[in-house]
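Read off the chains here:
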Amino acid sequence: MTEGGKSARSDLWGGAGWAGFGLLILAESWRMERFESMGAELYTMPGFVPGMLGGVVTLLGLVLMLRGWQRGLAQRDHEAAEPLINRRIGTTLLLTLVYAGLLIGRAPFWLVTAVFVACFVWQFSPEDTARTRRLAVSIAAGILTSAVVTLVFQYVFLVRLP
């Protein structure tokens, strides 16, 4: 995109969103139980890793905002802004909310995850690709992702999945 155009605006707003999300993660990880009475140390506290990730997301969001600002967003004349939620973001939100809010816990995790990933890959794969190829890649990605995530969480992390 051009200097000071849609890309700069997207960087500024997207960076603000990511920075805000990172701060929310950071704040909530700080509020988590620390289990100090049980002898937990800094690196074994439940909120440590989410707090670190929240800090990184915040930092990267700020870098993205700076990039948008440096590209001339502050000096440009005000033109009509595109909507903050476009079709791709709306589709992502819808798929994610259906997956996490409606399907997880009501059906086997491996099945729900395979369907979610397959739908996501189908939706965002190039539209000029042949339908059979899109379908095959989507199903393969769903099955492989579901299998790897399920096996890693159950046998490496020893976490029972819903």
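See the structure shown above.
Cut-offs and rules
Residues numbered from 1 in each chain as written. Predicted model: local features only at pLDDT ≥ 70, side-chain atom pairs only at ≥ 80, totals over all residues. Heavy atoms only, no water. Helix = DSSP H or I, 4+ residues; strand = E, 2+ residues; numbered from the N terminus. Buried < 20%, exposed > 50% of the residue type's maximum accessible area, 1.4 Å probe, protein only. Polar contact = N/O pair within 3.5 Å; in protein donor to acceptor, adjacent residues only side chain to side chain. Contact = heavy atoms within 4.5 Å. Expected span 1.5 Å × (residues − 1). Axes fitted to C-alpha atoms, helices over the stretch in contact; angles between N-to-C directions. Left-handed = near helix turned anticlockwise from the far one by under 90°. Parallel < 35°, antiparallel > 145°, perpendicular 65-115°, else oblique. Nonpolar A, V, L, I, M, F, W, Y, C, P; charged D, E, K, R; others polar.

With that settled, consider the side chain of Ser146. Examined against the element boundaries, Ser146 turns out to sit in helix α5 (residues 131–156). Given the relative accessible area of 4%, Ser146 is considered buried. Within polar-contact distance, the side chain of Ser146 engages the backbone oxygen of Trp110 at 2.5 Å. The residues contacting Ser146, other than those within four sequence positions of it, are Trp110, Leu111, Thr113 and Ala114.

Before going further, it helps to spend a moment on α5. Under the 1.5 Å per step criterion, the end-to-end length of α5 is 36 Å for 26 residues, consistent within 8% with the ideal 38 Å. Along α5, the residues that are buried comprise Arg134, Ser138, Gly142, Ser146 and Thr150. In the core, the buried residues of α5 are packed alongside α4 (109–124). The first or second residue beyond α5 is Leu158, which carries a positive phi of 55 degrees.

On to the packing of α4 against α5. Interaxial distance between α4 and α5 falls to 7 Å at its minimum, and their mutual angle equals 145 degrees. The crossing of α4 and α5 is right-handed.

Our focus in this paragraph is the side chain of Ser29. With respect to the element layout, Ser29 can be found in helix α1 (residues 6–31). From its side chain, Ser29 meets the backbone oxygen of Leu26 in a polar contact 2.9 Å long. The residues touching Ser29, leaving out its near neighbours within four places in the chain, are Gly47, Pro50 and Gly51.

Direction vectors running N to C along helix α3 (residues 87–103) and α4 enclose 170 degrees, while the axes themselves pass 11 Å from each other. On the basis of their axis angle, the class for α3 and α4 is roughly antiparallel. Each of Arg87, Arg88, Thr91, Thr92, Leu95, Thr96, Tyr99 and Leu103 in α3 lies in contact with α4, whose residues at this interface are Phe109, Val112, Thr113, Phe116, Cys119, Phe120, Gln123 and Phe124. Broken down by class, the residue content of the contact of α3 with α4 amounts to nine nonpolar, five polar and two charged.

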